[in-house]
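Per-entry structural report
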Amino acid sequence: MTELVAPQLVVNSRMIYFGWVPADPDAVAALVPEGLEPAPNRQVFMNQYVVDDAGQTSGFGAYSLTYIGPDLSGVDAPDGVTPGRWWTHYFNSSPVVREYALARGVPATVGTTTIEVRGHRLVATTEADGVPVIRTTARVGRTGDAVNRGQLRYLTRLDGRLLSGNYPFVAEPVDPFEVESLEFLAPDHPVYALRPAAPLQVAWGFYSPRSSFAYPGGESVLD
C-alpha cells in the first residue's frame, strides 16, 4: 500500500461532535498522560462521523470513526479558547486510516460508526470489534446560514514524545440541535470510564451533515 502523505482532506462528512461532564472525573484524569493536564471539570469530548464515499477524501477512502477523550488545560487550539484534546479511544473502520493514524501516535483500533437520521431524530452508534459500546440520540433540525470554522488541536504520543497537531475544519451545523441521551453500553469496555454524569450535562456540540477538515496528524513536538 502506498504511504499516504500528510495532510489528507475530508469533505462533507456526517458528524456529531459534543462534550460533557463525566460521571467519574478521577477516572478521566487518570487517562491523561504525564506532561499534560486535564480540564478543571474533567470534561470529555466525542466525535462520531461517517464518510460515505471515497470521493469525499484525498486518499483515505470511505470510512467511519468515533474518537473520544479528555479536554486538556494549558494547550489550547490556535483560537486561544477551544481546549486541546487527548485521544484515549479511536474506533476506525478503515485499515488505511488506522495505519495513517497509528504512525502519528493515535490509539487507532477496529470499530464502526453508523449515523441514522429519521425526521428530527438522530441515532449514532459506535461498535468496537463488533460490540456496541456507545449510542447517542439527538434531536436535529436543518442546516441554515451558520458555519462553524477554525482549527482544533489534538495531542498524541509517539516514541515517548508528545506531539501537537492543528486540524482546520469547516462545518455547517443544523438548528435545532439537542443531545437527548448518551449511553455507554459495555461496562466491561475501557471506554466506559468516560461515561457521562447523570443527569447528562452537555457542555457544547453540533451535528453537521456537511463537515470538512484536514487531517495532518502530529506535526510538531510539544515544548
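Residues numbered from 1 in each chain as written. Predicted model: local features only at pLDDT ≥ 70, side-chain atom pairs only at ≥ 80, totals over all residues. Heavy atoms only, no water.

Where an unreviewed UniProt entry is consulted, the protein appears under the name Acetoacetate decarboxylase, with the organism given as Micromonospora olivasterospora.

1. Quick word on the overall build of the protein
Secondary structure assignment for the protein yields 2 helices and 15 strands. Here the protein has a C-alpha radius of gyration of 16 Å; the compact-globule value for 223 residues is 17 Å, and the two agree. Over its C-alpha atoms, taken along the principal directions, the protein stretches across nearly 45 × 40 × 35 Å. Considering the protein as a whole, with its 223 residues, one finds that 51% of them fall into the buried category. When the accessible surface of the protein is split by element, carbon and sulfur atoms take 50% of a total near 10,100 Å². Distance between charge centres in the protein, computed from 16 positive and 24 negative side chains, equals 4 Å. (Helix = DSSP H or I, 4+ residues; strand = E, 2+ residues; numbered from the N terminus. Rg over C-alpha atoms; globule rule 2.2 N^0.38 Å. Buried < 20%, exposed > 50% of the residue type's maximum accessible area, 1.4 Å probe, protein only. Areas by Shrake-Rupley, 256 points an atom, 1.4 Å probe, with all protein chains shown as cover. Lys, Arg positive; Asp, Glu negative; His and termini not counted. Charge placed at Lys NZ, Arg CZ, Asp CG, Glu CD.)

2. Description of the packing of aromatic side chains
Within the structure shown, the criterion is met by 22 aromatic pairs. Ring centres 5.7 Å apart and planes at 80° place the aromatic pair W87 and Y90 in the edge-to-face group. Assessed through its relative accessible area of 3%, W87 is described here as buried. (Phe/Tyr/Trp six-rings, centres within 6.5 Å; stacked < 30°, edge-to-face > 60°.)

3. Let's talk about the nonpolar core
With 26 residues, the main nonpolar core has Y49, Y63, Y67, W87, Y90 and Y215 as its most contacted residues. Mapped by element, the contributors of at least two residues to this core are strand 1 (8–20), strand 3 (44–51), strand 4 (63–70), helix 2 (95–102), strand 11 (148–158), strand 12 (161–172) and strand 14 (202–215). Beyond its immediate sequence surroundings of up to four residues, Y215 is in contact with P7, Q8, Y49, F60, L65, W87, Y90, Y100 and Y167. Counting residues in each nonpolar core, the second largest holds 25 residues, with M46, V50, A138 and L194 among its members. (Core = buried A, V, L, I, M, F, W, Y, C linked by side-chain atoms within 4.5 Å. Contact = heavy atoms within 4.5 Å.)

4. As for the pattern of salt bridges
Under the counting rule described, the total for this entry stands at 5 salt bridges. With a shortest N-O distance of 2.8 Å, R85 and D71 are connected by a salt bridge. Residue R85 is found in strand 6 (residues 85–86), and its partner D71 is found in the loop between strand 4 and strand 5 (72–73); the two are separated by 14 residues along the sequence. Across this residue pair, the class does not change: R85 and D71 are buried. (Salt bridge = Lys/Arg side-chain N within 4 Å of Asp/Glu carboxyl O.)

5. Describing the pairing of strand 4
Most of strand 4 is tucked away: 8 of the 8 residues are buried. The sheet contact formed by strand 3 and strand 4 spans 8 bridges and is antiparallel. Paired with Y49 across the strands is L65, a residue of strand 4. Sheet topology places strand 4 next to strand 7 (residues 89–92); 4 bridges connect them, and they run antiparallel. (Pairing = 2+ DSSP bridges.)

6. Quick look at the confidence of the model for the protein
Residues at a pLDDT of 70 or more form 98% of the protein, whose mean pLDDT is 96. Within the protein, no element has a lower average pLDDT than strand 15 (residues 220–221), which sits at 86, and none a higher one than strand 3, at 99. (pLDDT = per-residue confidence, 0-100.)

7. Re the pairing of strand 9 (residues 121–128)
Counted residue by residue, strand 9 has 6 buried out of 8 residues, so it is predominantly covered. Where strand 8 (residues 108–118) lies against strand 9, 8 bridges are found, and the strand directions are antiparallel. Its bridge partner being in strand 9, E116 is matched across the sheet by V123. In this structure, the hairpin formed by strand 8 and strand 9 is closed by a connection of 2 residues, where G119 is found at a positive phi of approximately 65°. When strand 9 meets strand 10 (residues 131–143), the two strands line up antiparallel, connected through 8 bridges. Within strand 10, the position partnered with E127 by the bridge is P132. Connecting strand 9 to the next strand, strand 10, in antiparallel fashion are 2 residues, including D129 with a positive phi near 50°.

8. Quick notes on unusual backbone geometry
Cis geometry is adopted by the peptide bond preceding P7, which originates at A6 and carries an omega value of 0°. Tracing the sequence through the fold places P7 in the segment before strand 1. Cis geometry is adopted by the peptide bond preceding P176, which originates at D175 and carries an omega value of 5°. Relative to the elements of secondary structure, P176 occurs in strand 13 (residues 174–184). Phi at D129 is positive, roughly 50°, even though this residue is not glycine. Assignment of secondary structure puts D129 in the loop between strand 9 and strand 10. On the basis of relative accessibility, which here comes to 63%, the residue D129 falls in the exposed class.

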